[in-house]
Structures are given as structure tokens and as C-alpha cells.
Amino acid sequence: MTSRRRKPSRNAYQRVPGSEPIFPKNVRIGPRARVGKYAILGHTSSRTRRLGPLVIGKNAVIRSHTVIYLGTVIGDDFETGHGALVRENNQIGDRVRIGSFAEIGRENRIGDDVRIHSRCFIPEFVEIQDRAWLGPAVTVLNIPHPPCPSFEQCASGANRVVIGRNAKVGGGAVIGPWVNVGENALIGAGSVVIRDVPRNAVVVGNPARKIKAVSKLTCDLGLYKVPYEWERRPTR
């Protein structure tokens, strides 16, 4: 009995050894990367002529139609869905996942182990700290009075939006300009956040208001005794 060789799938990823120069010289991608068809790595920006290289660490999974601009530096184990867009001059940590059709503007700082689900919109100058989790279609806004010609001054530096370490943002939530979401906070789905969220707080509504502490959350199915119990388990 002879075995037949399976034909490669039309949707198979293009394997990219780290040292093989199949991308422009200003794109540096680590070993064991998988890049889907029609992905564009090293896109240029019409507003910024001089951009540094695009750097992506090892073990990346970049699905079809993803576009990543020059000037962005990304850590190891990066993963995108289909059609994700990452603009120029972003700093992105290790093990970050960006869902299908999500858009990341320019000059953001994204920490390690961050999850940004499908169809999220992150504008310029936002800081998303380690282990933050954004559900689908979360929108972050950074300009109080668009289209202000001084928006960069309004939205950057001390005025930037910050989503704190281990914070969770429910699907469809809107986070307004100048908002600081505290560490380990939880924002309910569909909420409109126009004021800072304290650490360890649960906020819901439009405008979002605190209803309890994260420590007071309960599992309706009784699967966990402590809120986010799985996060406390040691990793191997």
C-alpha cells in the first residue's frame, strides 16, 4: 500500500526562515514565522518619510491580508487575525495577539501578553499595559474635540489613554480621551468610559460607573470560587 502525498492547502502559510531575505531589507522577521498570503510587511507612511525598520520576533503568525508598517518593533510569538492593520512606530511586546480587522494606530505602546480582539480600534499614543484584554469592537478615542489641529498635544504624553496591567474591557465598550483604566479593572460590555477607572473596580453603563470591586465578582456556574482564579495558577 502506497501513501499519497497530501497537496498543500491553498490557504497554507508561506514559511519564512529568519535569515531568508524575502522581504525588503528594512523588514527583519525572526525564525519560524508564518506569513499568510497577501500580507504586507514594511508598508510605508505618506505622512512620515523616514521610518526605521519593521522588526518582528520569532514564532510570529501573521495571517492573510495583515498590513504592518515600517518603524514598528514587535516581540516574540506575535499573532494576528486576518486583515489586521498595525501602523508605524508602535512598540509591541511578547505574546501579543491582534484579532481580525483590528486597527492599531501609530506610536502606541503595547505590553506583553496583551489580547486585542477583532474589530478593535486603537488610535495614536495609547498605552496598553501587560496582560490587558480587550474584547471585540472596543473603541478607544483620544481627541476631545475632533478634528483639532493640535490633537497630538492633546492626546500624547501625560494626556494619553492608559489601559492598565491586567485590565479587561468588554466587547463594544468605548474609552474616551484622557482616561486611565486602572490595574485589574473590569469594564462591562458596551460601556462608555469618560472618567478614570480605579484599579480593581468593575464599571458599567453610559457613562460608566463603579458597581463593585473585582473581588466581589462571582461565577454564575460555580466553576470558580475566586474571581479570575485561573490567573493565580502557576504557569509551567
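Preceding this section is the structure that the text describes.
Quick caveat, the model's predicted, so the values are computed rather than measured.

Engineer: Sorry if this is basic, but what is going on with the nonpolar core here?
Structural biologist: A general tendency of soluble globular proteins is for nonpolar side chains to be buried together. By size, the foremost hydrophobic cluster in this structure holds 48 residues, and its most contacted members are Ile128, Ile163 and Ile175. Among all residues touching Ile163, those that are not within four sequence positions of it are Glu127, Ile128, Gln129, Ala132, Leu134, Val140, Val169, Ile175 and Val181.

Engineer: How do you make sense of the packing of aromatic side chains when you look at a structure like this?
Structural biologist: One pair of aromatic rings is described through two measures. These are the centre distance and the angle between the planes. Here the structure, examined in full by the defined rule, presents two aromatic pairs. Ring centres of Tyr224 and Trp230 lie 5.0 Å apart, and the angle between their planes is 65°; this geometry places the pair in the edge-to-face category. A relative accessible area of 29% means that Tyr224 is categorised as partly exposed. Both rings, one in Tyr228 and one in Trp230, keep their centres 5.3 Å apart while their planes meet at 75°; by these two values the pair is edge-to-face. Take Tyr228: its relative accessible area is 17%, and that puts it in the buried class.

Engineer: Explanation requested: the pattern of salt bridges in the structure shown.
Structural biologist: Should their charged atoms come close, side chains of opposite charge can pair. This model, assessed by the stated rule, comprises eleven salt bridges. With a closest N to O distance of 2.6 Å, Arg160 and Glu127 form a salt bridge. With Arg160 in the loop between helix H1 (151-155) and strand E20 (162-163) and Glu127 in strand E17 (residues 127-128), this residue pair connects regions lying 33 residues apart in the sequence. Judged by its relative accessible area of 24%, Arg160 is partly exposed. For Glu127, a relative accessible area of 13% translates into the label buried. In this structure, Glu231 and Lys168 form a salt bridge, with 2.7 Å as the shortest nitrogen-oxygen distance. Of this pair, Glu231 sits in the segment after strand E27 (209-213) while Lys168 sits in strand E21 (residues 168-169); the two residues are 63 residues apart in sequence, bridging distant segments of the chain. The class of Glu231 is partly exposed, set by a relative accessible area of 26%. Overlapping salt bridges, with partners in common, bring together Arg106, Glu107 and Glu152 in one network.

The rules behind each value
- Residues numbered from 1 in each chain as written.
- Predicted model: local features only at pLDDT ≥ 70, side-chain atom pairs only at ≥ 80, totals over all residues.
- Heavy atoms only, no water.
- Core = buried A, V, L, I, M, F, W, Y, C linked by side-chain atoms within 4.5 Å.
- Buried < 20%, exposed > 50% of the residue type's maximum accessible area, 1.4 Å probe, protein only.
- Contact = heavy atoms within 4.5 Å.
- Phe/Tyr/Trp six-rings, centres within 6.5 Å; stacked < 30°, edge-to-face > 60°.
- Salt bridge = Lys/Arg side-chain N within 4 Å of Asp/Glu carboxyl O.
- Helix = DSSP H or I, 4+ residues; strand = E, 2+ residues; numbered from the N terminus.

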